[in-house]
Structures are given as structure tokens and as C-alpha cells.
Protein chains: 2
Amino acid sequence: MHTISNLDTAKTTATQLLQVGAVQLRPLQPFKWTSGWLSPIYCDNRLTLSHPSLRTYIKQQLSTLVRDQFPHAQIIAGVATAGIPQGALVADLLGMPFIYVRSEAKGHGMENQIEGRLNQHDKVVVIEDLISTGSSSLKAVNALKKAGANVLGVVAVFTYGFDKATESFREAGLACCALTDYNNLINVASEKGYIVPEQIDTLHDWRANPGQWGAEQQSPEEANS
Amino acid sequence: MHTISNLDTAKTTATQLLQVGAVQLRPLQPFKWTSGWLSPIYCDNRLTLSHPSLRTYIKQQLSTLVRDQFPHAQIIAGVATAGIPQGALVADLLGMPFIYVRSEAKGHGMENQIEGRLNQHDKVVVIEDLISTGSSSLKAVNALKKAGANVLGVVAVFTYGFDKATESFREAGLACCALTDYNNLINVASEKGYIVPEQIDTLHDWRANPGQWGAEQQSPEEANS
């Protein structure tokens, strides 16, 4: 499963992400992701932390998702680093223990891959800020499973809704639910005038085939996403 | 300045850190820090995140320190990664914007050294979990200053109280205040029977000269601190 919360939350979250500039859409001047992909979208949900009312809205919505989808959750785990702040806020609101997980173990021995206390069979929900291919979340999930956790699922602020992520979560037998996704974002962006109607097709083309899209674009800007 | 909050908070925090095992004292079987130092103490404040009532106590005490010591603070900054969770909780409680700072910029361009929104002259208070030599906090402070921030000071959960940290903060003209420190911890540990009175001198010797202490100790255990 790889779903969104509900339409109201999806639209409100998308509206707010656009409003604070956490998401930028530039179909004519694509960003270049570090993976090498060209992309008409740049998403930095960490900027939401600088906006207390939006940050609180996201905390509340993530907490509602955890409570509704995973009523047996015992521990909240944030994926380092971007999932840590919201993960801690969700754990605080729900009065639950918090741990955080690095996608990869550090080599220099100063840091554990999992920080905080985790016991065998603990029921864990993972908080992530952003799902693209899903690989960073799944690395964290695998680290938790290896440590004996019973991982119930992943809750995220935003997902691109890539088929690759859907497949990866299905293969892992893991539920993943986000507050909003790329399709809702494009709809809201169009309604609010962030993009013009002629750009919608090109934006959907990208989501369907992000690896190939825009191969002929010139001079893309390096982006952090 | 490099001070502690007040005696009540210092004692309560120290008691709780010992109780949940976030601090371990082993004067007879020292830990080996990654710096190479042998140490009779191992401190992992991240374990407090797994204890909601202690986590909440620390959040409240850190927030009180920020409000009392830095009433003009506008932004809370957590030092990655251990300062991020409590930093976010403090920002949440105070209703202030939150950013986080890495001690060093990553080379691969996927991450900024400062995540979140920071404007020129913003008045920032830095949240840190642990002060040893102070160098990781000061790296974060310098990154913030370089970005134009007005850094008011550093608030931490625990400090070893090393002279080196005191000097570094004085040189930087920066106030640093912690909830508790090594001396209070040793006092509480002695009162509560975590150590025997004969070990107190050896524990104070270490703090006075951590780099040389225990050079003749055998088979120390590798530790994460």
C-alpha cells in the first residue's frame, strides 16, 4: 500500500507546502536531482519547520494518521535527518517513546544506526518527510527489522507517488501513507495559479517516467532533492 | 560563560539520566571515546527520547532556560543529529521557528549545512544534547554566524564542564547553559549509590585531566561518546 490520508488533508497540506515555498514547480527550468534525474519539482519539507502553525498542522495530521492506521503502535521512529523533527513532535503529541534511524550505519563508530531504546517485537511506526523511490525509508525499516522491531508502516508528509515506491512497499509488505502527494500538489498548484494549464501534462509526464523525462533540457539547476 | 541552570534542575536531571541509563559510570572499567580518551563515563542522552516523561521534563527545562536566559530569541536551532529532537520539541513548546545545523557541510550537495529558513540578523538559540570540548556546538554556531545569524547562546542537556569548553565559549563570547553537569552527576551518583565514595576522587581526576587520565588502564571497552 502506498496511499494518501484523505482529500481535505491532501489539499490543505499541498496548499501550505506551496505557500511557504517548501515545494517549487519549474517545468520550464527543471532542477537536477543528485540522482541525476531532471525534475520540474523541488521539495524541501524541512522549510515547514520554520513555520510554527504549518509545523503544528503537519504534526497533528501525522499523529492522526498514526492513531488511525496503526492503533497498536508503541514507538515512533524518525528517519534521519529530515524525519527526526516531525517524528519527535508526533511522539510528543502521542506521548510515545521516540527513536531515530539512519539510512546507513556510520563507519566511524561514534553513532549507532538506531538511536534510542528498541526492544525485540516493539511495534514501530516510521515517520519520513518525503517518499521518492522509497529506498531511504526501506533502508531504515530494514535496520529496524534487523534489530528485532515489528515495523507496522511508514507515515510521510509527501510522496511523489512513483510506481517504484508503490512496488517497493508492496514487496516489503509495508503500509505507507502520506499527507499529500504529487497529483494533489499539481491540482492545487493549477487551481491557485502556480502553474498554467498547459504545464499540467508535462508535469504528469515527469511523474510517469522521471528517469527519462527532460533528457533534452538545457542547463538545469542543481537542486537539493 | 559555561554554567548550569539551577541546583534543583541539575540534581533532578542527573538523577533521571542515571535512572534511565543515559549515563553510565564505570571508573574501574573505563570506556574508550572515539577521540582516544579513556573515560569513566559514557553518556547517551538520546536514550531520554525513549522515556516520554523524562523527555517532557527536559523539554520544559530547556524551554525555561531559553525563555529566562535569552528572552529575545526568535529561532531555535538544533545541532544535528542529537540536538534535533529536543530542539524541535523546545521550538514547539515556545511556538518558535525551528532550524537545524550540521557541524560540517556534507560534500555531496544533497544537504545544506543549515536546514530551514534563516534570515540575516535572526536571533538564534542553539540546542545541544551534550557539551564535551564544545567544538561541535561552536562549529554549528560558526555556520549560523556565517549565514548572518545573531547567535545568542547555547542551551544543552549536559556538560562535562571541561575547562576547554569554558575557554572556547569565552573566546567565542558565547553564553552556554546546561541543565546539569558532571559534578552534579557525580554528587547524585554518590548519594544514590551508583558509585562508592572511594571512586569520587578518581572521577574528579578524570574531569580535571581527561586526555591523560587512565593511560595505564587495560582493555577499555569501545564506547559511543
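Residues numbered from 1 in each chain as written. Chains lettered and ligands numbered in written order. Predicted model: local features only at pLDDT ≥ 70, side-chain atom pairs only at ≥ 80, totals over all residues. Heavy atoms only, no water.

Here we take up the interface of chain B and chain A. Taken together, the contact between chain B and chain A spans 37 residues of the former and 37 residues of the latter. The junction of chain B with chain A conceals about 3000 Å² of combined surface from both sides, 48% of it contributed by carbon and sulfur atoms. As a salt-bridge pair, R46(A) and E115(B) come within 3.2 Å of each other at their nearest N and O atoms. Run the count over chain B and chain A and you get 20 residue pairs in polar contact (both at pLDDT 80 or more). Of all elements in the fold, only helix 2 (52-69), helix 3 (83-94) and strand 7 (98-101) of chain B reach the threshold of two or more residues within the side of chain B that touches chain A. Residue composition of the side of chain B that touches chain A, by class: 16 nonpolar, twelve polar and nine charged. (Contact = heavy atoms within 4.5 Å. Buried area = accessible area lost by both parts, 1.4 Å probe. Salt bridge = Lys/Arg side-chain N within 4 Å of Asp/Glu carboxyl O. Polar contact = N/O pair within 3.5 Å; in protein donor to acceptor, adjacent residues only side chain to side chain. Helix = DSSP H or I, 4+ residues; strand = E, 2+ residues; numbered from the N terminus. Nonpolar A, V, L, I, M, F, W, Y, C, P; charged D, E, K, R; others polar.)

Expressed as a screw operation, the relation of chain B to chain A combines 0.0 Å of axial shift with a rotation of 180°, fitting to an RMSD of 0.0 Å. What the superposition gives is, in effect, a two-fold axis relating one chain to the other. Closest to the rotation axis within chain B is the C-alpha of P85(B), separated from it by 2.7 Å. Taken together, the interface assignments show that 100% of the residues at the interface of chain B recur at the interface of chain A, consistent with an identical surface on both copies. (Least-squares fit on C-alpha atoms with pLDDT ≥ 70 in both.)

So, on to the environment of H121(B). Residue and element names in this part refer to chain B. Here H121 is to be found in the loop between strand 8 (114-115) and strand 9 (123-131). What makes H121 exposed here is its relative accessible area of 60%. For the pair formed by H121 and G148, sequence separation is 27 residues and the distance between their alpha carbons is 5.8 Å. Each residue touching H121, except ones within four places of it in the same chain, is listed here: Q74, G148, A149 and N150. (Buried < 20%, exposed > 50% of the residue type's maximum accessible area, 1.4 Å probe, protein only.)

By themselves, these observations are geometric and do not establish any function.
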